[in-house]
Amino acid sequence: MRFQRVVVAAICLLLLMTPWAVNAQSEPTTYKEHGLGRLTAAESKLHSGEKIAFFGDSITMQGGYLQLMEQALKASDHASKLGIQLLPHGLNGGRVPTVLEGKSPWGDLGAPMRQLLQTEKPSIVVIYLGINDVWHGDQGTTKADFEAGLRQMIAMGKEINATIVLCTPSVIGEEITNNDLNRKLGEYADVVRQLAAAEKLVLCDIHKAFLNRLEIVNQANQHQGNLTYDGVHMNDQGNELLADIISSAIVEAAGAR
């Protein structure tokens, strides 16, 4: 019996020392449910038959955060009766110019952004781009073209009287220090922030939220494995965080109409 107690104690100690256990202890207990709870609450100001369109890159194409939002809406006694539609337009390798066009060398939305908006008439439009505009380097997008393209998207949304949520890009690599790509991505995030302020749009500051989360969970300064599986594309934890903060931004947008 004494030997068994020693073995059990040793196993418990090893479990507490594993990285996932440390991360779990560091996680706030509310962020995974807070935004989704706001999205599905009766106070959310979402309308019956609401259409919410999402324009993004391969993160949106993979759709993990959208699946969580869809599941939450269907599971809610209130929201499930509203018939809310989530319309995903994630373009593999998408940058601002290619999403406007509706196709990239790696994917096709089926139509240019303007045509999709005019056909679907979403009431809320979520724009979440910027990763590939930076990540593709010389084949990417200059800050001037990035801003000009976002302005076109905003104008298109206003043409159909949609409420627009403008998102900063998440991260390219999870390293908190010695990450030149994220430093440059931060400059593009600043373009988004300034545009949202100038156009009086709802800002979803994904970049800031991810950096804040990584300060907690990535003290080993790893390239991946905390919020992403490869430094860019989301794992379960990243999708949960995305679903939370984007849901909160949608609720803010619905309430601002």
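Heads up: these notes are all about the structure in this document. (Residues numbered from 1 in each chain as written. Predicted model: local features only at pLDDT ≥ 70, side-chain atom pairs only at ≥ 80, totals over all residues. Heavy atoms only, no water.)

### Description of the overall build of the protein chain
Reasoning step 1: Check the secondary structure of the protein chain and you find twelve helices and seven strands.
Reasoning step 2: Taking all 257 residues of the protein chain together, the buried fraction comes to 51%.
Reasoning step 3: In the protein chain, the proportion of contacts linking residues at least 24 apart, taken out of those at least 6 apart, comes to 75%. (Helix = DSSP H or I, 4+ residues; strand = E, 2+ residues; numbered from the N terminus. Buried < 20%, exposed > 50% of the residue type's maximum accessible area, 1.4 Å probe, protein only. Contact = heavy atoms within 4.5 Å.)

### Examining the state of the cysteines
Reasoning step 1: With the rule as written, the count across this model stands at zero disulfides.
Reasoning step 2: Left unpaired, C167 is separated from the closest cysteine sulfur, that of C204, by 4.3 Å.
Reasoning step 3: When its relative accessible area of 4% is taken as the criterion, C204 is described as buried. (Disulfide = S-S within 2.5 Å.)

### A few points about the environment of I131
Reasoning step 1: Within the element layout of this structure, I131 appears in helix α8 (residues 131–135).
Reasoning step 2: Between the C-alpha atom of I131 and that of V171, which follows or precedes it by 40 residues, the distance is 7.2 Å.
Reasoning step 3: With sequence-adjacent residues up to four places away left out, I131 is seen in contact with D57, P169, S170, V171, I172, L185 and V232.

### Some words on the packing of helix α10 (residues 180–199) against helix α11 (residues 206–217)
Reasoning step 1: Relative orientation of the contacting elements α10 and α11 amounts to 140 degrees, with a least axis distance of 9 Å. When the interaxial angle is binned, α10 and α11 end up oblique. Facing α10, whose interface residues are N182, L185, G186, A189 and R193, α11 presents H207, K208 and L211.
Reasoning step 2: In terms of residue class, the contact of α10 with α11 is made up of three nonpolar, three polar and two charged. (Axes fitted to C-alpha atoms, helices over the stretch in contact; angles between N-to-C directions. Parallel < 35°, antiparallel > 145°, perpendicular 65-115°, else oblique. Nonpolar A, V, L, I, M, F, W, Y, C, P; charged D, E, K, R; others polar.)

### Quick word on helix α7 (residues 113–120)
Reasoning step 1: Looking at α7, one finds that the buried residues are M113, L116, L117 and E120. Take α7 and look down its axis: the buried residues cluster within an arc of 95 degrees, on one side only.
Reasoning step 2: A positive phi of about 50 degrees marks K121, the residue just after α7. (Arc of directions from axis to C-beta.)

### Details of the sheet that holds strand β1 (residues 51–56)
Reasoning step 1: Strand order in the open sheet formed by five strands is β2-β1-β5-β6-β7, with parallel pairing between adjacent strands. Both edges of this open sheet fall to β2 (85–90) and β7 (202–204), since each of them pairs with a single strand only. The sheet shows a mean angle of 20 degrees between the axes of neighbouring strands, taken without regard to direction.
Reasoning step 2: By the bridge criterion, three bridges tie strand β6 (residues 163–167) to β7 in an arrangement that is parallel. Considered in β7, the bridge of C167 is made with C204.
Reasoning step 3: Along the sheet face, helix α5 (residues 64–75) touches β1, β2 and β5 (124–128) and points at about 175 degrees away from the line of β2. (Pairing = 2+ DSSP bridges.)

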